[in-house]
Amino acid sequence: MTSMDTREPPTDWAARYLGELATQRQLSPHTIAAYRRDLAELAELAGHSDWARLVHADIRRFAGKLHAGGQSARSIARKLSGWRGFYEWLSHQTTLAANPVDGVRAPKRAQSLPKALAVDDAVQLMEANQRGHLEPFELCNHAMFELLYSSGLRVSELAGLDVAWQDARGGQPGSLGWLDLQAGEVVVTGKGNKMRRVPVGGPAREALARWLAVRPAARDGGAALFLSARDTRITPRVVQTRLKQHALRAGTPVHVHPHVLRHSFASHLLQSSGDLRAVQELLGHASITSTQIYTALDFQHLSKVYDAAHPRAKAKPES
């Protein structure tokens, strides 16, 4: 171990550390500059005191101060990582009881709420461009979009659907998902190979019936429900592209991808029923925790209703 005076100014320690990062690890000037800023912030938080005397509680307090100052969890995590590396280096230069950054975690990142369409926007999206004679691919698109919104399917579940249940034969696997139009439901295999049945609403059943009436035979002889322009099983990527283009033509005010329709399905169903467990089952979530995020969406809806309707919601305080 190289002897070093623990009274050496923190700026000198930082300079030595950064110099080794540049010469021995050959990090880029941009990365070195980032480390320099992070160490300068640590020095400021520590009051330029002896860094070798900082302990776990100090670093945890610094992280809390950064969070209270409005820094993001991602930014704080990056700084903690940089500080941890610095103290690891410092432990080889002088005697440290422990790395004070070990075990200090950044604040949890705020869970972003999934985007969901307003009910009117979802209905408008489903009904857009449905007048006049429709080509087969347009009927296919309409059926896919209606089913995504009607049943809250993941795009991979949608792409994996067959027109009906198919038994394994000829070396081909059996169906992982299929449509039962007469029963008004689809059976899908979700995450963890968990199968579930999901109802299909009336508009989606009508759209599916119109598509099935013109659906060509699949090029590979398979039973894929939805087909690409080459008459092969559609891929999730193609579904995403077609939905994006349709939403643009429909004038939908936000970017729409298949998961937006899944979120909209869950949010609108929860707003109407309040049955979180039912929404969990329909979405195929293994844990209720995954579904509880939609209660926040529901609260957003309720907040907007309150602000618009309650006579005291926007009352200004008396001066």
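What counts, and at which threshold
Residues numbered from 1 in each chain as written. Predicted model: local features only at pLDDT ≥ 70, side-chain atom pairs only at ≥ 80, totals over all residues. Heavy atoms only, no water. UniProt positions renumbered as here; feature names shortened; annotations may be inferred. Helix = DSSP H or I, 4+ residues; strand = E, 2+ residues; numbered from the N terminus. Buried < 20%, exposed > 50% of the residue type's maximum accessible area, 1.4 Å probe, protein only. Salt bridge = Lys/Arg side-chain N within 4 Å of Asp/Glu carboxyl O. Phe/Tyr/Trp six-rings, centres within 6.5 Å; stacked < 30°, edge-to-face > 60°. Lys, Arg positive; Asp, Glu negative; His and termini not counted. Polar contact = N/O pair within 3.5 Å; in protein donor to acceptor, adjacent residues only side chain to side chain. Contact = heavy atoms within 4.5 Å.

**Student:** Can you tell me about the UniProt feature "active site" (unreviewed entry) in the protein chain, naming the residues and giving the values?
**Tutor:** When the UniProt feature table is mapped to this numbering, "active site" (unreviewed entry) covers Arg-154, Lys-191, His-259, Arg-262, His-285 and Tyr-294. Topologically, Lys-191 is positioned in the loop between strand E2 (185-189) and strand E3 (195-199). Mapping His-285 onto the fold places it in the loop between helix H11 (276-283) and helix H12 (288-291). On the accessibility criterion, His-285 (13% relative accessible area) is buried.

**Student:** Can you tell me about the pattern of salt bridges, naming the residues and giving the values?
**Tutor:** Counted by the stated rule, this structure contains eight salt bridges. Asp-38 serves as the salt-bridge partner of Arg-78, at 2.8 Å between the closest nitrogen and oxygen. Placement of the pair is Arg-78 in helix H4 (residues 73-90) and Asp-38 in helix H2 (residues 29-46), with a sequence separation of 40 residues. Exposure remark for Asp-38: the relative accessible area of 4% places this residue in the buried category.

**Student:** Tell me about the packing of aromatic side chains, and please be specific about residues and values.
**Tutor:** One pair of aromatic rings is described through two measures. These are the centre distance and the angle between the planes. Scanning the model with the defined rule gives five aromatic pairs in all. Note on Tyr-17 and Phe-86: the rings are 5.3 Å apart at their centroids and 70 degrees apart in plane angle, and the pair reads as edge-to-face. Here Tyr-17 is found in helix H1 (residues 10-23), whereas its partner Phe-86 is found in helix H4, with 69 residues between them in sequence. Across the pair, Phe-86 and Tyr-17 agree in class, each one buried. Aromatic ring contacts, followed pair by pair, group Tyr-17, Phe-86, Tyr-87 and Trp-89 into a single cluster.

**Student:** Outline the side chain of Arg-262, listing residues and values.
**Tutor:** Mapped onto the fold, Arg-262 is located in helix H10 (residues 258-273). Notably, Arg-262 is buried but unbridged: the nearest opposite-charge side chain belongs to Glu-157, and the N-O separation is 4.6 Å. Polar contacts involving the side chain of Arg-262 include one to the main-chain carbonyl oxygen of Gly-152, which spans 2.6 Å. Setting aside residues up to four positions removed in sequence, Arg-262 forms contacts with Gly-152, Leu-153, Arg-154, Arg-196, Leu-283 and His-285.

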